[in-house]
Amino acid sequence: MTAVLTPSRSKSLQQTSADGIAHRFFRTMTKPDDGGTPRMRSILQIPAALSIASTLVLVAGCAGAGPGADPKPQTTQSKGPAAGAPARQDYDPPQKFATQGVRLPETAAGDSISMGGTLRKPLPLALHGTRAYAAAATNLQVIDTGTGKVTSTVRPRREPIAKEDTETSAPVLTQDGRQALVPFVVELPGKGTTPSRVGVELDAVKTATGKAAWTLDLDNLPNWASQPATQARVIATTATTAVISVTNGENGSTYAVDLASRKVTWHNDKMPALAVIGHTAITLTSKDSVRQQVVGLDIDHNGKRSWSKLDAYELTVHPAGPHLVAVRGLDYDTGKSIGMLLKPDGSKAGDLTGELSGLTCHYDERSVTVCQTEGPRTLALDAQSGKNLWSLPDQGGNRVAPAVTAAWHGIVYGTTNNGAVALNAKTGADRDTAPGTAPVAVNEYTGITLDQMEGQALIAHPAAG
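A few points on the structure.

## Re the state of the cysteines
Reasoning step 1: For the structure shown, the criterion picks out one disulfide.
Reasoning step 2: Residue C361 pairs covalently with C371 via a disulfide, S to S 2.1 Å. In this structure, the disulfide formed by C361 and C371 twists by about 100 degrees around the S-S bond and is classed as right-handed. Taken together, the residues span a long stretch of sequence, with C361 in strand β24 (residues 360–363) and C371 in strand β25 (residues 368–373) at a distance of ten residues. Residue C361 shares its accessibility class with C371, and that shared class is buried.

Right, dumping it as structure tokens:
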């Protein structure tokens, strides 16, 4: 199968900074809570469904404390919705949003919004039900998307070493939706002859209550982790495992944490995980100062190297849903552009041809992945097989490609020169030409947009149909 991305003069959204991060790198969970089991709702990216393109060199060992070894993180509860407040209407999926919304705390946007008021990287928040979980370097805020109020704040029990404005990533929900996972770079206290050192505190927050559920220390980071630029992020979760990376722009470490025992099960000191598809962690490895390969690590078997593909350089990896990754780069021998979709077993699902600059992908959390390049050029794929479903602009020039902002449960959201638009994810047909807004994050209750008046803030618009 060959998927072709065709050009257009339409204006695209800014590309996520993931590609830039990748270029820099190579240059120089759990006891179930007592609540119900709500459906999982996670933020879907801006120009990417959480597009990640990173090239790291892993260095580190790891060790973790067992369940109950330390007290839980501190949770500060705020005043919640008034008693007797009407239940909010849900629409799955929403294709219309109220024009008026509520402003979220400025911290919810992190450093994701550029000075020009555009989204330059994925928001550091995840949506679940009527709440948004917004991560910062020193805390996690739980926000009611109906009122814009913070209902609780979870702080790590250790002292964070990162500055408040340090770049952060969105929390990741467990697959049952019961908990949100967020890592903090902290100072682990010394004991006896062991000095204090930098580590990562992985905290789990109950989505039913917004309170801390459990915590785990990831220890034995190398010396480079003490640098202010060090960041930690949960790459993804499987039903049993969370995959966490720690990086500082030049070096990195990866941990696999068993969510039932809350223990580190394996680590890789040479190759970082950049994405997770199926039960495979996808990473890049460097054969020398230039030459790279894409590598699959078996999550369920101690991170064993399962396969390697390509002989290339300037490779980037973009998650394209739970079963595919999009890979682009340049062939080492010929210098020609490479673009392809890979499955968990390393086999090729299809080719991506044409100009791939600014490639980002959005998974609709059901069955469709929508990828876009600068132009914009938009291509919808079957998220399981990689089969090409539709593309815009069309060859006849009768329809333009939207600048995609999000995709969720069968709808693609975006904008054209005519304003906001909602498309059918499977067919590409216009589903609603006046949805009210084009959200950059969405679930059945809420569409999150940039505040066009203030620029650096977010607005939560109630789903209206």
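Read on, since the account is not over.
## Some words on unusual backbone geometry
Reasoning step 1: Across the junction of D92 and P93, the peptide omega takes the value 0 degrees, indicating a cis bond.
Reasoning step 2: Here P93 shows up in the loop between β2 (74–77) and β3 (102–103).
Reasoning step 3: Here the bond from L392 into P393 is cis, since omega is 5 degrees, no more than 30 degrees from zero.
Reasoning step 4: The phi torsion at R262 lies on the positive side, around 60 degrees, for a residue other than glycine.
Reasoning step 5: Residue position: R262 is located in the loop between β15 (252–258) and β16 (263–268).
Reasoning step 6: One non-glycine residue, H409, lies in the positive phi region at around 50 degrees.

## So, the pattern of salt bridges
Reasoning step 1: The tally for this structure, following the rule as stated, stands at 13 salt bridges.
Reasoning step 2: Here D92 and R366 are joined by a salt bridge, their closest N and O atoms 3.6 Å apart. Taken together, the residues D92 in the loop between β2 and β3 and R366 in the loop between β24 and β25 connect sequence positions 274 residues apart.
Reasoning step 3: The shortest N-O distance in the salt bridge between K121 and D111 comes to 3.7 Å. Of this pair, K121 sits in the loop between β3 and β4 (125–128) while D111 is found in the loop between β3 and β4, placing the two residues ten residues apart along the sequence.
Reasoning step 4: For K121, a relative accessible area of 5% puts it in the buried group.
Reasoning step 5: Each of the salt bridges in this network shares a partner with another, and the network as a whole consists of R157, R158, E201 and D217.

## Things to note about the sheet that holds strand β29 (residues 411–416)
Reasoning step 1: If you trace the four strands from one edge of the open sheet to the other, you get β28-β29-β30-β31, paired in antiparallel fashion. The two strands at the open ends of the sheet, each matched to only one other strand, are β28 (403–408) and β31 (430–432). Geometrically, the sheet is characterised by an average inter-axis angle of 35 degrees between neighbouring strands, direction not taken into account.
Reasoning step 2: By the bridge criterion, two bridges tie strand β30 (residues 419–424) to β31 in an arrangement that is antiparallel. Bridging across to β31, A422 finds its partner in D432.

## Some thoughts on the packing of aromatic side chains
Within a pair of aromatic rings, the relevant descriptors are the distance that separates the centres and the angle that separates the planes.
Reasoning step 1: In this structure the tally under the stated criterion is one aromatic pair.
Reasoning step 2: The ring centre of Y332 lies 3.7 Å from the NZ or CZ of R291, which sits over that ring.

## Side note on the side chain of T215
Reasoning step 1: Inspection of the secondary structure assignment puts T215 in strand β12 (residues 212–218).
Reasoning step 2: For T215, a relative accessible area of 10% puts it in the buried group.
Reasoning step 3: Separated by 2.8 Å, the side chains of T215 and R157 make a polar contact.
Reasoning step 4: Side-chain polar atoms of T215 contact the backbone oxygen of L202, separated by 3.4 Å.

Definitions and cut-offs
Starting from 1, residues in each chain are numbered consecutively following that chain's sequence as written. Totals for whole chains, interfaces and linings use every residue, but because this is a predicted model, local features are given only for residues with pLDDT of at least 70 and side-chain atom pairs only at 80 or more, for both listing and counting. Only hydrogens and water are removed before side-chain values are computed, so all heavy atoms of the structure are retained for them. Whenever a pair of cysteine sulfur atoms sits within 2.5 Å, that pair is classed as a disulfide. Counting from the N terminus, the helices are DSSP H or I runs at least four residues long and the strands are E runs at least two residues long. Using a 1.4 Å probe on the protein chains alone, a residue whose accessible area is under 20% of its type maximum counts as buried, one over 50% counts as exposed, and one in between counts as partly exposed. By definition here, a salt bridge exists when the distance from a side-chain nitrogen of Lys or Arg to a carboxyl oxygen of Asp or Glu is within 4 Å. Pairing between two strands is assigned when DSSP locates at least 2 bridges connecting them. Lines fitted to the C-alpha atoms define the axes, with helices restricted to the stretch that makes contact. Angles between their N-to-C directions range from 0 to 180 degrees. Aromatic pairs are defined between Phe, Tyr and Trp rings, using the six-membered ring for Trp, whenever the two ring centres lie within 6.5 Å; interplanar angles under 30 degrees are classed as stacked, those over 60 as edge-to-face, and all others as tilted. The rule is short: NZ of Lys or CZ of Arg within 6 Å of the ring centre and within 35 degrees of the ring normal puts a charge over the ring. Throughout this description, a polar contact denotes any pair of N or O atoms lying within 3.5 Å of each other; where both atoms belong to protein, one of them has to be capable of donating a hydrogen while the other can accept it, and for residues adjacent in sequence the pair is counted only when both atoms sit in side chains.

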